[in-house]
Amino acid sequence: MRLPTIGFNRRMYTAVDHQWMRQALAEANKSLYLSNPNPRVGCVIVKDALVIGCGHTQKVGGPHAEVCALVDARTQGFDVAGSTIYVTLEPCNHTGRTPPCVDALIAAQPAKVVVAMSDPNPLVAGKGLERLKAAGIEVRCGLMEKDARLLNQGFISRMTRGLPWVRMKIAASLDGKTALPNGHSQWITGALARADGHHWRAQACAIVTGVGTVKEDNPSLNVREVATERQPWKIIIDSKLETPLDAKLFQDTNLSKVILVCAELNTPEKRATAAIFEARGIEVIAMPNPQGKVDLPSLFAYLAQKRELNEIHVEAGFKLNGSLIREGCVDELLLYYAPFFMGEGIGMANISLPSLEQRQNWQIIDQQLFGADLRIRLLQSSK
């Protein structure tokens, strides 16, 4: 998912430039649980070797990082004119939920703007940098781009592929079992690993599970172990509309942020069931594939293109896990291994290969201990 070059000369950056951009990236991290569906952006304003303002993108509809940093500087009594502004993503040049950030920057008259990466949004895509340059402001782009991109994999994916970044979390024993034969799975991993799982939930736009998991585990599917102002959407894959009305996931959330995805609404019984959910404010959509199941690739395209969802966090059972992996819907795996053998039990994913040539290969990008449990992060080798 490389972005096109935009014609700006990437001159050598100094150690001081890296220092300030690292601070801007630290600001962007403050938006990790906050800014969806907007990208996570941080901004630092420097003048006479002093940070005079900083900010990060707020909740959707709120100010972007650049405006927050400008307000911060002015609140402290600083004049931004002649400063250098470090920002982790190209300032926007269009009116969306907020006015264009380039207008605010041009009005502030900085001497230079240093940007980590250009914006993949076709409405921006270099136009913001061109506006700044046309206003007589020195513009440099590309400093610590890799770090900035990692912060916004979901946003980049949505803008360049029309798909969200899908991350699947699985907790298993050393021999790859996720539950006992009777379905019991609480708890395989320890408290630290579960808290890390909530960190990934919190940064997602939505949590996806299947009706089987709802029936078996009755999860809440909310963020509890980390502090967040925003709870993700809840999306249940339920081909036959069998989700219990008293499921816990309905009890502690804004029901307008719950979607039930079924295969068909082609009988009076199914339409009546859908009407019951909809009367409670729960959306029901039908998205069938030729086999009479939910069309998973089409669903994720819909979630990105129509609902502006950047990152999807999957916590499901082995059947849905297998379907998602087989159909190429998963970009990243979060595997948590607990240090014991289960023996008989339910596996990670319902996959059966006719030959090894048809396997999907994954690349380990990170591994970390959380107490006694090992977390391994993997990307599809083609990503």
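Residues numbered from 1 in each chain as written. Predicted model: local features only at pLDDT ≥ 70, side-chain atom pairs only at ≥ 80, totals over all residues. Heavy atoms only, no water.

Per an unreviewed UniProt entry, the recorded name for the protein chain is Riboflavin biosynthesis protein RibD, and the organism is Polynucleobacter sphagniphilus. Database annotation for the protein chain, UniProt heading Function (unreviewed entry): "Converts 2,5-diamino-6-(ribosylamino)-4(3h)-pyrimidinone 5'-phosphate into 5-amino-6-(ribosylamino)-2,4(1h,3h)-pyrimidinedione 5'-phosphate." (UniProt positions renumbered as here; feature names shortened; annotations may be inferred.)

Draft legend 1. Spatial organisation of the overall build of the protein chain. Regarding its fold elements, the protein chain presents 11 helices and 14 strands. The C-alpha atoms of the protein chain give 23 Å as radius of gyration, which agrees with the globular expectation for 383 residues (21 Å, within 12%). A principal-axis box enclosing the C-alpha atoms of the protein chain has dimensions of 65 × 45 × 40 Å. Counting the 383 residues in the protein chain, one finds 53% classified as buried. Looking at the protein chain alone, contacts between residues at least 24 apart form 74% of all its contacts between residues at least 6 apart. Put simply, the protein chain shows about 17100 Å² of open surface, and 52% of that area lies on carbon and sulfur atoms. When the 43 positive and 38 negative side-chain charges of the protein chain are each reduced to one mean point, those points stand 2 Å apart. (Helix = DSSP H or I, 4+ residues; strand = E, 2+ residues; numbered from the N terminus. Rg over C-alpha atoms; globule rule 2.2 N^0.38 Å. Buried < 20%, exposed > 50% of the residue type's maximum accessible area, 1.4 Å probe, protein only. Contact = heavy atoms within 4.5 Å. Areas by Shrake-Rupley, 256 points an atom, 1.4 Å probe, with all protein chains shown as cover. Lys, Arg positive; Asp, Glu negative; His and termini not counted. Charge placed at Lys NZ, Arg CZ, Asp CG, Glu CD.)

Draft legend 2. How the structure looks around the side chain of aspartate 119. Following the sequence through the fold, aspartate 119 ends up in the loop between β4 (112-115) and α4 (127-134). For the buried aspartate 119, no salt bridge is present, and the opposite-charge side chain at shortest range is arginine 158, 8.8 Å distant. (Salt bridge = Lys/Arg side-chain N within 4 Å of Asp/Glu carboxyl O.)

Draft legend 3. Just the pattern of salt bridges, in detail. Within the structure shown, the criterion is met by 13 salt bridges. The closest approach of N and O atoms between lysine 30 and glutamate 27, which form a salt bridge, is 2.9 Å. Put simply, arginine 167 and glutamate 311 hold a salt bridge, and the shortest N to O gap is 2.9 Å. Of this pair, arginine 167 sits in strand β6 (residues 165-173) while glutamate 311 is found in strand β11 (residues 311-314), placing the two residues 144 residues apart along the sequence. Like arginine 167, the residue glutamate 311 is buried in the burial classification.

Draft legend 4. Geometry of the sheet that holds strand β1 (residues 42-47). A sheet is described by the order of its strands in space; here five strands give the open sequence β2-β1-β3-β4-β5, paired in mixed fashion. Lying at the two open borders of the sheet, with one neighbouring strand each, are β2 (50-56) and β5 (138-141). On average, adjacent strands in this sheet sit at an angle of 15° to one another, irrespective of strand direction. Here β1 pairs with strand β3 (residues 84-87) via four bridges, running antiparallel. Residue cysteine 43 lies in a different strand from β3, and its bridge partner there is valine 87. In this fold helix α1 (residues 15-29) packs onto β1, β2, β3, β4 and β5, with an angle of close to 145° to the strand it touches most, β1. (Pairing = 2+ DSSP bridges. Axes fitted to C-alpha atoms, helices over the stretch in contact; angles between N-to-C directions.)

Draft legend 5. Examining the pairing of strand β10 (residues 283-286) more closely. Looking at chain direction, strand β9 (residues 258-262) and β10 are connected through four bridges and run parallel. Within β10, the residue paired with valine 261 across the bridge is isoleucine 285. Chirality of the crossover, the property in question, places the unit of β9, helix α9 (residues 268-279) and β10 among those that are right-handed. (Right-handed = clockwise from strand over helix to strand, strands pointing away.)

Draft legend 6. Layout of the packing of aromatic side chains. Under the criterion given, the structure shown has one aromatic pair. Both rings, one in phenylalanine 250 and one in phenylalanine 277, keep their centres 6.1 Å apart while their planes meet at 55°; by these two values the pair is tilted. Taken together, the residues phenylalanine 250 in the loop between β8 (233-237) and β9 and phenylalanine 277 in helix α9 connect sequence positions 27 residues apart. Residue classification places phenylalanine 277 among the buried positions, given a relative accessible area of 1%. In this structure, lysine 169 packs its charged tip against the face of tyrosine 336, placed 5.7 Å from the ring centre. Directly above the aromatic system of tryptophan 187 lies the positively charged group of arginine 194, at a separation of 4.5 Å from the ring centroid. (Phe/Tyr/Trp six-rings, centres within 6.5 Å; stacked < 30°, edge-to-face > 60°. Lys NZ or Arg CZ within 6 Å of the ring centre and 35° of its normal.)

Draft legend 7. Main features of the packing of helix α3 (residues 101-108) against α4. It is at 10 Å that the axes of α3 and α4 come closest, and there the two elements cross at 20°. When the interaxial angle is binned, α3 and α4 end up roughly parallel. Considering how the two elements wind past one another, α3 and α4 form a crossing that is right-handed. Residues Val102, Asp103, Leu105 and Ile106 of α3 touch α4, and the partners they reach there are Gly128, Arg131 and Leu132. (Parallel < 35°, antiparallel > 145°, perpendicular 65-115°, else oblique. Left-handed = near helix turned anticlockwise from the far one by under 90°.)

Draft legend 8. Quick look at the UniProt feature "binding site: substrate" (unreviewed entry) in the protein chain. Annotation from UniProt places "binding site: substrate" (unreviewed entry) at Ser185, Arg201, Arg224 and Glu315. Structurally, serine 185 is set in the loop between β6 and α7 (191-203). Apart from the residues within four sequence positions on either side, serine 185 is in contact with Thr178, Ala179 and Asp217. Using a relative accessible area of 7% as the deciding quantity, one classes arginine 201 as buried. Not counting residues within four places of it along the chain, the set of residues in contact with arginine 201 comprises Ile207, Leu221, Asn222, Val223, Arg224, Pro232, His313 and Glu315.

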